[in-house]
Amino acid sequence: MADTTASDPRDVNSELRSPLLEPGKKSSEPEKLCIDEMLRMYCGEFGWWQLKHFVLTSLAWALEAFHTMVMIFADREPGWSCVSGSGCDATAKTVCGFEPGSWDWTGGSSSSTISEWGLVCGYKYRVGLAQACFFGGCMIGAGIFGHLSDSKLGRKGSLTVVCILNALFGCLTAFSPNYWTYVLLRVLTGFSTGGVGLCAFVLATEPVGPTKRGIAGMSTFYFFSTGIALLSGIAYIFQSWRTLYIASSIPSLLFLVIVLPFISESPRWYLVRGKVKEALTLMHNIAKTNGKHLPDGVVLALDEEINKDSNYEQPCKEQLEIKEAISGSLIDVVRSPITCTRLVLAVAINFLCSVVYYGLSLNVVNLETNLYLNVLLNAVAEMPAYTITAVLLDKFGRKPLAIGTLWFSGFFCFSGSLMTGVGIWKIVRMACGILGIFGMAGTYNLLFIYTAELFPTVVRNAALGCATQAAQMGAILAPFVVVLGGGLPFVVFGVCGTLGGILAFYLPETLHKPLYDTMGGMEDGERACRAV
């Protein structure tokens, strides 16, 4: 009779192998990493894949520049000339008081909205009203699309929607039958424009590794300035405001058809939405394109999962590929003491920065050249500020650089308020204004990457959208500050810059810190930092 207690050969082999394994560790246990660590160890922080994706995504910033700055040309006040024998005074600075028909607009009535609808004299306020309404639409759109890009639409889905709406409303604006229809369409265009840069920035920087993310984020504004420079050339070619709106909207259609199909969704959004399989597939693609190899035994995990339990049971295949989606909103941001304080400070600083940036853009003495050259030179002049802040970002950190650029701008604004508007002092005041906007351009650039790093993935776009809304409120207020005239606008801008620098003292430094995925992961990480 056979011995039923004889051991199975497989058990013998298992006993022979078991001493070779580390105690308490399974041979097939996967390596559990968050996205930052996976990029750093296996995929590459900024390789060919990230470079291509970053450039293609950041092209959307040029679209935002088109739809925002087109008002400079479409709503400009053209020159005018007197009709021969009408008794019109050609030396006058304004047409107010002249009889209708005694003068003509240079280039005809179709050259701008002002000449077509007579937005001069008592109706001049309507030009500023249309501009303010556009930024009001941007404010609303930034908040809505910031939330949608964090939830079901995703970063790429939201960018697709805003580009479609931009192209649609931009083209329809060209067919406005009257002023009030024009204002309505500008509000709708602003609504979609408010989400373009927001979605593009987060989508471009989230797949970048932690040590390269700062300089990559700072580089996005080059595309915005380049868009302004290109717009000046487009406006020079298309002198009619209606054809200009069509010409500046067509690039949005081209972006949708030519560029967007080659842009990928953010792996961080995939991960927090529970689409682990899609996130891991994308990470394999990043590694392959960058000439690296992602081992099969490596799996993605949220930061809070790694923080809570490093010794976990091996998940089954379904658990690796599908997890419950994690969502967040501004309510979650406000409930957490850490993120609530950060949000209040980020909103206040973005608001103050925007008042100075847009205010100086309107208030600074223009170069004695034509409008198109002025806009081109102003766009080019901002680029050195982006370069300097990008170079210094990882050397000094986000917080010191934010304080420094805000106070730099505030100092020259206060200096400009002390200068008179006559003689050589007029040139000195102009120089102070240029240096002021130079510093604030660097701050504006820095605030995007700084704000994005202050919040976890589940609420990043919502928080960034809230900060962008505050910036749009500052843009609405800026023209009213400029109306004060004299040296008072410089005083206001100086106060805003100085106050913004003081508030930045209370923000934490984010240099070399990870991009957290969840609220719990951020709280655990911050507690660990304080304990060290």
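Reading the values: the criteria
Residues numbered from 1 in each chain as written. Predicted model: local features only at pLDDT ≥ 70, side-chain atom pairs only at ≥ 80, totals over all residues. Heavy atoms only, no water. UniProt positions renumbered as here; feature names shortened; annotations may be inferred. Helix = DSSP H or I, 4+ residues; strand = E, 2+ residues; numbered from the N terminus. Buried < 20%, exposed > 50% of the residue type's maximum accessible area, 1.4 Å probe, protein only. Lys, Arg positive; Asp, Glu negative; His and termini not counted. Salt bridge = Lys/Arg side-chain N within 4 Å of Asp/Glu carboxyl O. Contact = heavy atoms within 4.5 Å. 1 Å grid on protein atoms, 1.4 Å probe; cavity = no way out; pocket = protein on both sides within 12 Å on 5 of 7 lines; lining within 4 Å. Points joined across faces, edges and corners; volume = space filled by probe spheres on them. Expected span 1.5 Å × (residues − 1). Bend = angle between axes of the 7 residues up to and from the residue. Core = buried A, V, L, I, M, F, W, Y, C linked by side-chain atoms within 4.5 Å. Phe/Tyr/Trp six-rings, centres within 6.5 Å; stacked < 30°, edge-to-face > 60°. Patch = residues over 30% accessible without salt bridge, like charges linked within 9 Å, V, L, I, M, F, W, Y side chains within 5 Å. Areas by Shrake-Rupley, 256 points an atom, 1.4 Å probe, with all protein chains shown as cover. Axes fitted to C-alpha atoms, helices over the stretch in contact; angles between N-to-C directions. Parallel < 35°, antiparallel > 145°, perpendicular 65-115°, else oblique. Nonpolar A, V, L, I, M, F, W, Y, C, P; charged D, E, K, R; others polar. Disulfide = S-S within 2.5 Å. Arc of directions from axis to C-beta. pLDDT = per-residue confidence, 0-100.

Under an unreviewed UniProt entry, the name given to the chain is Major facilitator superfamily (MFS) profile domain-containing protein, and the source organism is Quercus rubra. The annotation that UniProt attaches to the chain under Subcellular location (unreviewed entry) is "Membrane".

A. Seen up close, the side chain of Arg-126. Position of Arg-126 among the secondary structure elements: in helix H6 (residues 125-150). Here Arg-126 is buried and forms no salt bridge, its nearest opposite-charge partner Asp-75 lying at an N-O distance of 12 Å. Leave out the neighbours within four places in its chain, and Arg-126 touches Leu-119, Tyr-179 and Trp-180.

B. Fine view of empty space enclosed by the protein. Applying the stated criterion across every chain yields a total of three cavities of 30 Å³ or more. Computed from the structure, the largest cavity encloses a volume of approximately 300 Å³. Forming the boundary of the largest cavity are 25 residues, of which Trp-61, Glu-64, Tyr-358, Tyr-444 and Phe-448 lie nearest the centre.

C. Representation of helix H4 (residues 60-74) within the structure. The end-to-end C-alpha separation of H4 is 21 Å, in line with the 21 Å expected for 15 residues at 1.5 Å each. Roughly 35° is the biggest bend found in H4, and it falls at Thr-68. Across the 15 residues that make up H4, a large majority, 14, are buried.

D. Representation of the pattern of salt bridges in the model. With the rule as written, the count across this model stands at six salt bridges. The network of salt bridges with common partners includes Asp-36, Arg-213 and Arg-268.

E. How the structure looks around the nonpolar core. Membership of the largest hydrophobic core comes to 138 residues, with the highest contact counts inside it found for Met-38, Leu-159, Phe-255, Met-283, Leu-294 and Leu-300. Beyond its immediate stretch of four places on either side in the chain, Met-38 contacts Leu-33, Cys-43, Leu-280, Met-283, Leu-294, Val-298, Val-299 and Leu-300.

F. The packing of aromatic side chains, seen in detail. Using the criterion set out here, one finds 24 aromatic pairs in the structure. Between Trp-117 and Tyr-182 the ring centres are 5.6 Å apart and the planes differ by 55°, which places this aromatic pair in the tilted class. In this pair, Trp-117 sits in helix H5 (residues 113-117) while Tyr-182 sits in helix H8 (residues 179-193), placing the two residues 65 residues apart along the sequence. Relative to Phe-412, the ring of Phe-411 has its centre 5.2 Å away and its plane inclined at 80°; by these criteria the two rings are edge-to-face. Judged by its relative accessible area of 52%, Phe-411 is exposed. Grouped by ring-pair contacts, the aromatic residues Trp-117, Tyr-179, Trp-180, Tyr-182, Trp-241 and Tyr-245 constitute a single cluster.

G. Spotlight on the environment of Cys-82. Looking at the secondary structure, you find Cys-82 in strand E2 (residues 80-82). Accessibility expressed as a relative area gives 26% for Cys-82, which makes it partly exposed. Considered as a pair, Cys-82 and Gly-101 are 19 residues apart in the sequence and their alpha carbons are 8.9 Å apart.

H. Up close: a nonpolar patch on the surface. Together, Phe-46, Trp-48, Leu-51, Val-55 and Leu-59 line one region of the surface with nonpolar side chains, adding up to about 430 Å² of accessible area. Among the secondary structure elements, Leu-51 is positioned in helix H3 (residues 48-58).

I. Structural view of the packing of H4 against helix H11 (residues 241-259). Close contact between H4 and H11 brings their axes to 10 Å; oriented N to C, the two are set at 175°. In this view, H4 runs roughly antiparallel relative to H11, as classed from their interaxial angle. Only Trp-241, Leu-244, Tyr-245, Ser-248, Ser-249, Pro-251, Ser-252 and Phe-255 of H11 make contact with H4, whose side of the interface consists of Ala-60, Leu-63, Phe-66, His-67, Val-70, Phe-73 and Ala-74. Considering only residue class, the contact of H4 with H11 consists of 11 nonpolar, four polar and no charged.

J. Representation of the state of the cysteines within the structure. Per the counting criterion, the structure on display carries zero disulfides. Here Cys-353 stays free of any disulfide, with the sulfur of Cys-496 as its closest cysteine sulfur at 10.0 Å.

K. View of H3. Burial in H3 covers these residues: Trp-49, Gln-50, His-53, Phe-54, Thr-57 and Ser-58. Along H3, the residues classed as buried sweep out an arc of 135° about the axis, all on the same side.

L. Focus on the confidence of the model for the chain. Averaged over all residues, the pLDDT of the chain equals 80, while 83% of them reach at least 70. Across residues 310-322 the pLDDT falls below 50, and counting only partners more than four positions away or on other chains, this stretch makes 17 contacts in the model. Contacts from residues 364-369, a stretch scored under 50 in pLDDT, to residues over four places away or in other chains number eight contacts.

M. Here's a closer look at the environment of Phe-98. For Phe-98, the position within the fold is in the loop between E2 and strand E3 (103-105). For Phe-98 and Cys-88, which are 10 residues apart along the polypeptide, the C-alpha to C-alpha distance reads 6.7 Å.

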